[in-house]
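These are the residues of each chain, in order.
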Amino acid sequence: MKKILVIGGTGFIGSYIAKEAIKRKFLVTSISLKKPKTKRFNKHVKYKTIDISNYKALKKNLKGNFDYIINAGGYGKHPGFNSSGRKLFDSHFSGLVNLVKIFSKKK
């Protein structure tokens, strides 16, 4: 079976990606900041609560290899860079850099 990692798998888009991946017989792992809401929970998904902008936590909790990685996560509120720019930067750019650092060393 192929394995897929869905970043933001508890969110609106990520939960639908996970659901479709299960239909296609993938083993699905989801990482998000929060646990899934009841209506988005899927018993076939392995959920992990990790902040991708925290490199040490990400590296410690992501063991194994994945055939596919889909990034559907990120800080969704964009009211203005001055009010929440750091959070926006950390969740989108720094998180992506951390994922690349970790997975570029894997199969």
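Since we're looking at a predicted model, the values are computed, not measured.

## Quick word on the layout of surface pockets
As a volume, the second largest pocket reaches approximately 200 Å³. F12, S15, Y16, A18, K19, I22, K39, R40, F41, N42, V45 and Y47 are the residues that line the second largest pocket. In terms of residues, the lining of the second largest pocket owes the most to one element, helix α1 (residues 12–23), which gives six residues. Tallied by class, residues from the lining of the second largest pocket come to seven nonpolar, two polar and three charged.

## Points about the side chain of T29
As for its placement among the helices and strands, T29 is situated in strand β2 (residues 27–32). You can call T29 buried: its relative accessible area is 11%. Apart from residues no more than four positions distant in its own chain, T29 is found in contact with I4, L5, V6, K46, K48 and F66.

## Description of a positive patch on the surface
Together, K59, K60, K63, K101 and K105 give the surface a local cluster of positive charge. As for its placement among the helices and strands, K101 is situated in helix α3 (residues 81–103).

## Observations regarding the sheet that holds strand β1 (residues 3–7)
The four strands lie next to each other as β3-β2-β1-β4, forming an open sheet whose pairing is parallel. For this open sheet the edge positions go to β3 (45–49) and β4 (68–71), each flanked by a neighbour on one side alone. Across the sheet, the mean angle separating the axes of adjacent strands is 20° when strand polarity is ignored. Summarising the sheet, β2 and β3 pair through five bridges and their orientation is parallel. Bridge pairing in β3 places S30 opposite Y47.

What counts and what doesn't
Residues numbered from 1 in each chain as written. Predicted model: local features only at pLDDT ≥ 70, side-chain atom pairs only at ≥ 80, totals over all residues. Heavy atoms only, no water. 1 Å grid on protein atoms, 1.4 Å probe; cavity = no way out; pocket = protein on both sides within 12 Å on 5 of 7 lines; lining within 4 Å. Points joined across faces, edges and corners; volume = space filled by probe spheres on them. Helix = DSSP H or I, 4+ residues; strand = E, 2+ residues; numbered from the N terminus. Nonpolar A, V, L, I, M, F, W, Y, C, P; charged D, E, K, R; others polar. Buried < 20%, exposed > 50% of the residue type's maximum accessible area, 1.4 Å probe, protein only. Contact = heavy atoms within 4.5 Å. Patch = residues over 30% accessible without salt bridge, like charges linked within 9 Å, V, L, I, M, F, W, Y side chains within 5 Å. Areas by Shrake-Rupley, 256 points an atom, 1.4 Å probe, with all protein chains shown as cover. Salt bridge = Lys/Arg side-chain N within 4 Å of Asp/Glu carboxyl O. Lys, Arg positive; Asp, Glu negative; His and termini not counted. Charge placed at Lys NZ, Arg CZ, Asp CG, Glu CD. Pairing = 2+ DSSP bridges. Axes fitted to C-alpha atoms, helices over the stretch in contact; angles between N-to-C directions.

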